[in-house]
Amino acid sequence: MQNSFIHTTAVIDEGAIIGEGTFIWHFSHVMPKAIIGRNCNIGQNCFIDNNALIGDRVKIQNNVSVYSAVIIEDDVFIGPSVVFTNVINPRSFINRKAEFKTTLVKKGCTIGANATIICGNIIGEYALVGAGAVVTCNVLPYELVMGNPASHGGWVSKSGEKLLFDEDGEAICPLTKEVYKLEENAVTCL
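What you are looking at is a predicted structure, and each value in this text was computed from that prediction instead of being measured.

Colleague: What should I look at first to understand a negative patch on the surface in this one?
Modeller: Together, Asp 166, Glu 167, Asp 168, Glu 170, Glu 183 and Glu 184 line one region of the surface with negative charge. Its location among the elements puts Glu 167 in the loop between β22 (151-155) and β23 (170-172).

Colleague: What exactly am I supposed to notice about the packing of aromatic side chains here?
Modeller: Centre distance and the angle of the planes are the two values used to describe a pair of aromatic rings. Tallied over the full model, the rule gives 6 aromatic pairs. Pairing Phe 5 with Phe 23 gives two aromatic rings, centres 5.6 Å apart and planes at 35 degrees, and the pair type is tilted. Of this pair, Phe 5 sits in strand β1 (residues 5-6) while Phe 23 sits in strand β4 (residues 23-24), placing them 18 residues apart in sequence. Assessed through its relative accessible area of 36%, Phe 23 is described here as partly exposed. Both rings, one in Phe 47 and one in Tyr 67, keep their centres 6.1 Å apart while their planes meet at 55 degrees; by these two values the pair is tilted.

Colleague: Even after reading the chapter, I still don't get the pairing of β22, so can you show me in this structure?
Modeller: Strand residues, when the strand is regular, have side chains that alternate between the two faces of the sheet. With 4 bridges joining them, strand β21 (residues 143-146) and β22 adopt antiparallel strand pairing. In the strand pairing of β22, Leu 144 is matched with Gly 154. Linking β21 back to β22 in an antiparallel pair, the connection comprises 4 residues, with Gly 147 at a positive phi of about 95 degrees.

Colleague: Can you help me understand the state of the cysteines in this one?
Modeller: By definition, a disulfide links two cysteine residues through a covalent bond between their sulfur atoms. Enumeration over the complete set of coordinates arrives at 0 disulfides. Of all cysteine sulfurs in the structure, the one in Cys 119 sits closest to Cys 137, which takes part in no disulfide; the separation is 13 Å.

Colleague: Help me out: how do you make sense of the sheet that holds strand β6 (residues 35-36) in this one?
Modeller: Strand order across the open sheet formed by 6 strands is β3-β6-β9-β12-β15-β18, with parallel pairing between neighbours. Lying at the two open borders of the sheet, with one neighbouring strand each, are β3 (17-18) and β18 (122-123). Summarising the sheet, strand β15 (residues 103-105) and β18 pair through 2 bridges and their orientation is parallel. Residue Val 105 lies in a different strand from β18, and its bridge partner there is Ile 123.

Colleague: Which parts of the structure should I look at to understand the side chain of Thr 22?
Modeller: Note on placement: Thr 22 falls in the loop between β3 and β4. With a relative accessible area of 0%, Thr 22 lands in the buried category. Among the polar contacts made by the side chain of Thr 22, one reaches the main-chain carbonyl oxygen of Gly 37 at a distance of 2.6 Å. Apart from residues lying up to four places away in sequence, Thr 22 is in contact with Ser 4, Phe 5, Ile 36, Gly 37, Arg 38, Asn 39 and Cys 40.

Colleague: Can you walk me through the environment of Thr 188 in this structure?
Modeller: Take Thr 188: it is sitting in strand β25 (residues 186-189). It is 8.1 Å that separates the C-alpha atoms of Thr 188 and Tyr 142, two residues lying 46 residues apart in sequence. When sequence neighbours within four positions are dropped, the list of residues in contact with Thr 188 reads Tyr 142, Val 179, Tyr 180 and Lys 181.

Colleague: What is the right way to read a nonpolar patch on the surface from this model?
Modeller: Together, Ile 17, Ile 35 and Leu 53 make up a nonpolar patch on the protein surface, roughly 230 Å² of accessible area in all. Its place among the elements puts Ile 17 in strand β3. For Ile 17, a relative accessible area of 47% translates into the label partly exposed.

Colleague: Is there a simple way to explain the pairing of β21 in this structure?
Modeller: Pairing between strand β19 (residues 128-129) and β21: 2 bridges, direction parallel. For Val 129, the partnering residue across the bridge sits in β21 and is Val 145.

Colleague: Would you mind showing me how to read the sheet that holds strand β16 (residues 110-111) here?
Modeller: Pairing is mixed in the open sheet, where 9 strands are placed in the order β1-β4-β7-β10-β13-β16-β19-β21-β22. Two strands close off the open sheet at either side, each with one partner strand: β1 and β22. As paired elements, β16 and β19 share 2 bridges and run parallel to each other. Residue pairing for β19: Thr 110 is matched across the bridge by Leu 128.

Here is what the cut-offs are and how they apply
Position numbers for residues start from 1 in each chain and track the written sequence from start to end. For this predicted model, a pLDDT threshold of at least 70 governs which residues receive local features, and a threshold of 80 or more governs which side-chain atom pairs are given and counted, while totals over whole chains, interfaces and linings are taken from all residues. Computation of side-chain values: all heavy atoms of the structure, hydrogens and water removed. Two joining distances apply to patches: 9 Å for like charges and 5 Å for nonpolar side chains (Val, Leu, Ile, Met, Phe, Trp, Tyr), and every residue must have over 30% relative accessible area and no salt bridge. Here the Shrake-Rupley method, with its probe set to 1.4 Å, supplies the accessible areas, and only the displayed protein chains count as covering residues. Any carboxyl oxygen of Asp or Glu within 4 Å of a side-chain nitrogen of Lys or Arg constitutes a salt bridge here. Neither His nor the chain ends contribute to the count of charged residues, in which Lys and Arg are positive and Asp and Glu negative. For charged residues, the charge sits on one atom: NZ in Lys, CZ in Arg, CG in Asp, CD in Glu. Secondary structure follows DSSP: runs of H or I at least 4 residues long count as helices, runs of E at least 2 residues long count as strands, and numbering of each begins at the N terminus. Here a Phe, Tyr or Trp ring, Trp counted by its six-membered ring, pairs with any other such ring whose centre lies within 6.5 Å, and the pair is stacked when the planes are under 30 degrees apart, edge-to-face when over 60, and tilted otherwise. Whether a residue is buried, partly exposed or exposed follows from its accessible area with a 1.4 Å probe, protein chains only, as a fraction of its type maximum: under 20%, in between, or over 50%, in that order. One bridge is not enough; two strands pair if DSSP finds at least two bridges between them. Note on terminology: pairs of cysteine sulfur atoms within 2.5 Å are recorded as disulfides. Pairs of N or O atoms within 3.5 Å make up the polar contacts considered here, provided that, within protein, one atom can donate a hydrogen while the other can accept it, and that residues adjacent in sequence are counted only when both atoms are side-chain atoms. Any two residues whose heavy atoms approach within 4.5 Å at even a single point are treated as in contact.

Below you can see the structure in the form of structure tokens.
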């Protein structure tokens, strides 16, 4: 926790690993087996469970719980009040901790405010999940999904700009001028 900022109201259980330069704000709770990378920003009223893994430079906005079996890679943005799950069919009277399903949030993606991510899915690199979406299946790299259940709404660049592909399957990011190729329902940055 060297060179990190932990607000006085945050609870960091002994054993939690918090990377250098990370900020943890008001009323957040980090469990003892959680791992948070470097230069992250964990907003107010967040919960980071045992066996949750958060990469470097991740921004988690207010009111988010990252439960056990959720893996968040580097450079991810998690909007306010995003919901992660870790069991498909929870019952209060049945212990299903052995049935946790891993959710993988890949490098550079964004999950918009109030989205719900059903466990066992992968959110691909640089994907963008729209606000309020309910993700029930995998999201492809660079894919934009929205709605309930979340469905394909197009493709985005690394910077989150919507990509418009020409007849040759190429698009240019309007912000960075990077070139992208769409082939067989998969986008790559050239």
